[in-house]
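Close look at the chain arrangement
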Amino acid sequence: DVYKRQILGRSQNKEASLPRQISMYMCREKMKHPYLQLGDFFNRDHSTVITSVKRVKNRMKKKEPAILTAIDKISQALA
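Cut-offs used in this document
- Residues numbered from 1 in each chain as written.
- Predicted model: local features only at pLDDT ≥ 70, side-chain atom pairs only at ≥ 80, totals over all residues.
- Heavy atoms only, no water.
- Helix = DSSP H or I, 4+ residues; strand = E, 2+ residues; numbered from the N terminus.
- Buried < 20%, exposed > 50% of the residue type's maximum accessible area, 1.4 Å probe, protein only.
- Contact = heavy atoms within 4.5 Å.
- Lys, Arg positive; Asp, Glu negative; His and termini not counted.
- Charge placed at Lys NZ, Arg CZ, Asp CG, Glu CD.
- Phe/Tyr/Trp six-rings, centres within 6.5 Å; stacked < 30°, edge-to-face > 60°.
- Lys NZ or Arg CZ within 6 Å of the ring centre and 35° of its normal.
- Expected span 1.5 Å × (residues − 1).
- Salt bridge = Lys/Arg side-chain N within 4 Å of Asp/Glu carboxyl O.
- Axes fitted to C-alpha atoms, helices over the stretch in contact; angles between N-to-C directions.
- Parallel < 35°, antiparallel > 145°, perpendicular 65-115°, else oblique.
- Core = buried A, V, L, I, M, F, W, Y, C linked by side-chain atoms within 4.5 Å.

Another aspect to go through is the overall build of the chain. Summing up its helical and strand segments, the chain has five helices and zero strands in all. Counting only C-alpha atoms and orienting by the principal axes, one finds that the chain spans roughly 30 × 25 × 25 Å. Per-residue burial for the chain yields a buried fraction of 29% across its 79 residues. Put simply, 51% of the contacts in the chain that link residues at least 6 apart link residues at least 24 apart. Side chains of the chain carry 17 positive and 7 negative charges; the gap between the two charge centres is 3 Å.

Written as structure tokens, this is what we have:
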């Protein structure tokens, strides 16, 4: 399980950074929050949020199962 402190924290390991990137993507794409606001929320620069969203989109285009499964599960939970 990934915890709030890991997503909002400074860790750059894969176990924290990927869920953080997916969280940023979901907030941007589904909730339409501006990059600056997301940067403040995630304690990151807005350019980091932009990069994270782009990375998730690129991985989705490549149809990476881990990304698609995570986003699908989150979307279902929010529905």
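After presenting the structure, the write-up continues.
Here the focus is the packing of aromatic side chains. Taken as a whole and assessed by the stated rule, the structure comprises one aromatic pair. Seen in terms of ring centroids, Phe41 and Phe42 are 5.1 Å apart; in terms of plane orientation they differ by 85 degrees. Their pairing is edge-to-face. One cation-aromatic arrangement involves Arg28 over Tyr35; the distance from NZ or CZ to the ring centre is 3.9 Å.

Moving on, we come to the environment of Asp72. By the element assignment, Asp72 lies in helix 5 (residues 65-78). Owing to a relative accessible area of 40%, Asp72 belongs among the partly exposed residues under this scheme. Sequence separation between Asp72 and Val56 is 16 residues, and the spatial gap between their C-alpha atoms is 13 Å.

In an α-helix, one turn spans 3.6 residues, which is why side chains three or four residues apart end up on the same side. With 18 residues, helix 2 (residues 14-31) should reach 26 Å at 1.5 Å per residue; the first-to-last C-alpha distance of 24 Å fits that figure. The positive-phi residue at the C-terminal boundary of helix 2 is Lys32, with phi of around 60 degrees.

On to the pattern of salt bridges. According to the stated counting rule, one finds two salt bridges in the structure shown. Of the charged contacts, one joins Glu29 and Lys57 as a salt bridge, the two residues approaching to 3.3 Å between their closest N and O atoms. Of this pair, Glu29 sits in helix 2 while Lys57 sits in helix 4 (residues 46-61), and the two are 28 residues apart along the sequence.

Our focus in this paragraph is the packing of helix 4 against helix 5. Interhelical geometry of helix 4 versus helix 5 gives an angle of 110 degrees and a closest axis separation of 8 Å. In terms of axis orientation, helix 4 runs roughly perpendicular to helix 5. Across the interface between the two elements, Val56, Arg59 and Met60 of helix 4 pack against Ile67, Leu68 and Ile71 of helix 5.

Counting 14 residues, the largest nonpolar core has Ile22, Tyr25, Phe42, Val56, Ile67 and Ile71 as the members making the most contacts within it. Looking at this core, the elements with two or more residues in it are helix 2, helix 4 and helix 5. Looking at this core element by element, the count peaks at six residues for helix 2. Leaving out residues up to four positions away in the same chain, Ile22 has contacts with Val56, Ile67, Ala70, Ile71 and Ile74.

Keep in mind these values describe shape, not function.
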